[in-house]
2 protein chains.
Amino acid sequence: MPKSIIRTYSRYNRDASALLGALIREARHERKLTAQELADRAGISRGLLQRIEKGNLKCEIGAVFEVATIVGVKLFDADESTLTKYLRQTKEKLALLPKSVRNKSKAVRDDF
Amino acid sequence: MPKSIIRTYSRYNRDASALLGALIREARHERKLTAQELADRAGISRGLLQRIEKGNLKCEIGAVFEVATIVGVKLFDADESTLTKYLRQTKEKLALLPKSVRNKSKAVRDDF
DNA sequence: GATTTATGCCCTATATATAAACCAAAAGGA
DNA sequence: TCCTTTTGGTTTATATATAGGGCATAAATC
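None of these values were measured; they are calculated from a predicted model.

What counts, and at which threshold
- Residues numbered from 1 in each chain as written.
- Chains lettered and ligands numbered in written order.
- Predicted model: local features only at pLDDT ≥ 70, side-chain atom pairs only at ≥ 80, totals over all residues.
- Heavy atoms only, no water.
- Helix = DSSP H or I, 4+ residues; strand = E, 2+ residues; numbered from the N terminus.
- Buried < 20%, exposed > 50% of the residue type's maximum accessible area, 1.4 Å probe, protein only.
- Lys, Arg positive; Asp, Glu negative; His and termini not counted.
- Salt bridge = Lys/Arg side-chain N within 4 Å of Asp/Glu carboxyl O.
- Contact = heavy atoms within 4.5 Å.
- 1 Å grid on protein atoms, 1.4 Å probe; cavity = no way out; pocket = protein on both sides within 12 Å on 5 of 7 lines; lining within 4 Å.
- Points joined across faces, edges and corners; volume = space filled by probe spheres on them.
- Nonpolar A, V, L, I, M, F, W, Y, C, P; charged D, E, K, R; others polar.
- Axes fitted to C-alpha atoms, helices over the stretch in contact; angles between N-to-C directions.
- Parallel < 35°, antiparallel > 145°, perpendicular 65-115°, else oblique.
- Left-handed = near helix turned anticlockwise from the far one by under 90°.
- Core = buried A, V, L, I, M, F, W, Y, C linked by side-chain atoms within 4.5 Å.
- Arc of directions from axis to C-beta.

Enquirer: I'd like to hear about the side chain of Glu66 of chain B, residue by residue, with values.
Expert: Residue position: Glu66 of chain B is located in helix α4 (residues 61-71). Notably, Glu66 of chain B is buried but unbridged: the nearest opposite-charge side chain belongs to Arg14 of chain A, and the N-O separation is 6.9 Å. When sequence neighbours within four positions are dropped, the list of residues in contact with Glu66 of chain B reads Thr8, Tyr9, Ser10 and Asn13 of chain A.

Enquirer: Which residues make up empty space enclosed by the protein, and what are the values?
Expert: Summed over all chains, the structure comprises 4 cavities of 30 Å³ or more. Roughly 40 Å³ of volume is contained in the second largest cavity. As for the second largest cavity, its lining consists of Ser17, Leu20, Gly21, Ile24, Ile52, Gly55, Asn56, Cys59 and Val64 of chain A together with Ile61 of chain B. Considering only residue class, the lining of the second largest cavity consists of 6 nonpolar, 4 polar and no charged.

Enquirer: Outline the packing of helix α4 (residues 61-71) of chain A against helix α1 (residues 11-30) of chain B, supporting the account with residue identities and numerical values.
Expert: One can describe the packing of α4 of chain A onto α1 of chain B by two numbers: an axis separation of 10 Å at closest approach and a directional angle of 125 degrees. In terms of orientation, α4 of chain A and α1 of chain B fall into the oblique class. α1 of chain B is crossed by α4 of chain A, and the crossing has right-handed handedness. Side by side, α4 of chain A and α1 of chain B meet where Ile61, Phe65, Glu66 and Thr69 of chain A of the first sit next to Tyr12, Asn13, Ala16, Ser17 and Leu20 of chain B of the second. In the contact of α4 of chain A with α1 of chain B, the residues fall into 5 nonpolar, 3 polar and 1 charged.

Enquirer: Account for the environment of Ala16 of chain B, naming residues and giving values.
Expert: With respect to the helices, strands and loops of the structure, Ala16 of chain B is situated in helix α1. Given a relative accessible area of 0%, Ala16 of chain B falls into the buried group.

Enquirer: Break down the nonpolar core for me, with residues and values.
Expert: In this structure, Ile24, Ile44 and Ile52 of chain A together with Ile24, Ile44 and Ile52 of chain B are the most contacted members of the largest nonpolar core, which totals 54 residues. Counting only elements with at least two residues in this core, the list comes to α1 (11-30), α2 (35-42), α3 (46-53) and α4 of chain A together with α1, α2 (35-42), α3 (46-53) and α4 of chain B. Excluding residues that lie within four positions of it along the chain, Ile44 of chain B makes contacts with Arg7 of chain A together with Ala39, Leu49, Ile52, Ala63 and Val67 of chain B.

Enquirer: Give a description of α2 of chain A that names residues and reports values.
Expert: Residue and element names in this part refer to chain A. Of the positions making up α2, those classed as buried are Ala35, Leu38, Ala39 and Ala42. Looking straight down α2, one finds that the buried residues subtend no more than 100 degrees of arc, so they occupy a single side. More than 90 degrees from the buried face of α2, the exposed residues found are Asp40 and Arg41. Following α2 by one or two positions, Gly43 adopts a phi angle in the positive range, close to 75 degrees.

Enquirer: Which residues make up the side chain of Asn13 of chain A, and what values go with them?
Expert: Structurally, Asn13 of chain A is set in helix α1. Other than its neighbours up to four places away in sequence, Asn13 of chain A contacts Leu57 of chain A together with Phe65, Glu66, Thr69 and Leu75 of chain B.

Below, the structure is given as structure tokens:
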């Protein structure tokens, strides 16, 4: 990130991230997990989990997703099966999977 | 990140991120925005937007949230007002706001 | 067809997020 | 009360995500 970019976030997203962190923290307590235990399960450091639970927007999304999934905080929707439902419904799925494969089989392109 | 941690992600979250990226890309097309235009609006580089649309889990969550909000892809829920609803309902909000203020007024602690 | 525009994907420099190790304070349990 | 555990907050070293640029291809547009 050259030239010291000061990134600003909208109030909405700051609230959203703070809420997500609070939900994660609450869910962790409900499951009687210490911060260290949850961090270990997610494969991250305890310090990173602390920042996630505080709603820090600079955390990598993969770490946040992993933690949220472990403690049962759902993304996109409160409904558990919504993601899978989306994955089935969206016609983008057809364009989705090849896209994630393209990098692996770089030059071939014989997949159609 | 010392010691070259190889972070693994669950299949669920890889799918979730890929779906989120696809939804963002689809929404961007619906709004007739070029990648450069959306990146400019979000204050990020075009390359980062590309990675977001590919569902790269190493992107910072703040950038993903900003982009998603701009093109109208909702987080947590399809309903627009769900976040604000949550923010009102959750009793965690009381513990939430002071937490985000604590860093600003570092040593004072006269807020109670 | 030609020409512009958008996209995909390199590359490099650098700002910074992360892990790990601390310490002190808070919380919980005896 | 004391003792243990958990948490919040540092600090430091290092891995790496990012911005920015270039370039080739694809896709519009004419």
